[in-house]
Number of protein chains: 2
Amino acid sequence: MMVLVTYDVNTETPAGKSRLRKVAKECVNYGTRVQNSVFECVLDNAQFLLLKSKLCSMIDEEVDSLRFYHLGNSHKAKVEHVGLCKGINVEEPLLF
Amino acid sequence: MMVLVTYDVNTETPAGKSRLRKVAKECVNYGTRVQNSVFECVLDNAQFLLLKSKLCSMIDEEVDSLRFYHLGNSHKAKVEHVGLCKGINVEEPLLF
């Protein structure tokens, strides 16, 4: 299933900047960065719960926020993109 | 239907900062800001096409990006939030 992870991390403090780096780094292990704070992750439920618990342990819930959107399995038809494309689609073959 | 609008606007130039303000301002007219660059918009198809064309005309496709996620009508069950909550749910009654 595809889970969209979006986050806002308050970077007004050095600690906030560090939280942001950690959150982004963790998300890279699970999916594709499609925008600065938007990741598309193809996960089973166990992987999702693990990712969620890791991210929740990294943020400061008073000033940061995480959102998880469950897009299901037929996610491709649900997404439209315009403009600069950051990510590569991990489900498509890499042609060299 | 619920459409999630996420965007990255390159703000390295004054023009970029202006584009960012415009995009955010337009999205506010159509939905709820749930994170800095994430809006949840309850729209019919005509409204979506109008919003999309307006936003596309505002960004610089070389350096900015827009993503639209169609979450359908049963969107509430698909979203999980952790941490600081920015938006109010426009579909729920406002209690004074």
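Residues numbered from 1 in each chain as written. Chains lettered and ligands numbered in written order. Predicted model: local features only at pLDDT ≥ 70, side-chain atom pairs only at ≥ 80, totals over all residues. Heavy atoms only, no water.

**Q** Describe the overall build of chain A, and please don't skip the residues or the numbers.
**A** Along its length, chain A carries 2 helices and 5 strands. If you list the helices and strands of chain A from N to C, you get β-α-β-β-α-β-β. Buried positions account for 41% of the 96 residues belonging to chain A. Across chain A, the fraction of contacts at a sequence separation of at least 24, relative to all contacts at a separation of at least 6, is 65%. (Helix = DSSP H or I, 4+ residues; strand = E, 2+ residues; numbered from the N terminus. Buried < 20%, exposed > 50% of the residue type's maximum accessible area, 1.4 Å probe, protein only. Contact = heavy atoms within 4.5 Å.)

**Q** Give a description of the interface of chain B and chain A that names residues and reports values.
**A** Frequently, the measure chosen for interface size is the accessible area removed from exposure when the parts meet. Taken together, the 33 residues of chain B in the interface contact 33 residues of chain A. Between chain B and chain A, the buried area comes to about 2900 Å², and carbon and sulfur atoms account for 48% of it. By the criterion of area lost to chain A, the three top residues of chain B are R67(B), E80(B) and V82(B), representing 25% of everything that side buries. Our count for the chain B to chain A interface comes out at 4 salt bridges. A salt bridge links E80(A) to K52(B); its shortest N-O distance comes to 2.4 Å. The biggest single contributor to the side of chain B that touches chain A is strand β4 (residues 65–72) of chain B, with 7 residues. (Buried area = accessible area lost by both parts, 1.4 Å probe. Salt bridge = Lys/Arg side-chain N within 4 Å of Asp/Glu carboxyl O.)

**Q** Can you explain the packing of aromatic side chains? Please cite residues and give values.
**A** Residues and elements named next belong to chain A. Counting across every chain of the model gives 4 aromatic pairs over all chains. With a centroid separation of 5.4 Å and an interplanar angle of 80 degrees, the aromatic rings of F48 and F68 are classed as edge-to-face. Linking F48 in helix α2 (residues 45–58) with F68 in strand β4 (residues 65–72), this pair joins segments that are 20 residues apart in sequence. Under the relative-accessibility criterion, F48 is labelled buried at 3%. Residue F68 is classed as buried on the basis of its relative accessible area, which comes to 0%. (Phe/Tyr/Trp six-rings, centres within 6.5 Å; stacked < 30°, edge-to-face > 60°.)

**Q** Account for the nonpolar core, with residues named and values stated.
**A** Nonpolar side chains tend toward joint burial in soluble globular proteins. In this structure, V5(B), Y7(B), V23(B), L55(B) and F68(B) are the most contacted members of the largest nonpolar core, which totals 19 residues. Contact partners of Y7(B), with chain neighbours within four places excluded, come to Q35(A), L20(B), V23(B), A24(B), C27(B), R33(B), N36(B), S37(B), F39(B), S65(B) and L66(B). A24(A), C27(A), Y30(A) and L51(A) belong to the second largest nonpolar core, which has 18 residues in total. (Core = buried A, V, L, I, M, F, W, Y, C linked by side-chain atoms within 4.5 Å.)

Read these as layout, nothing more, since geometry by itself doesn't imply function.
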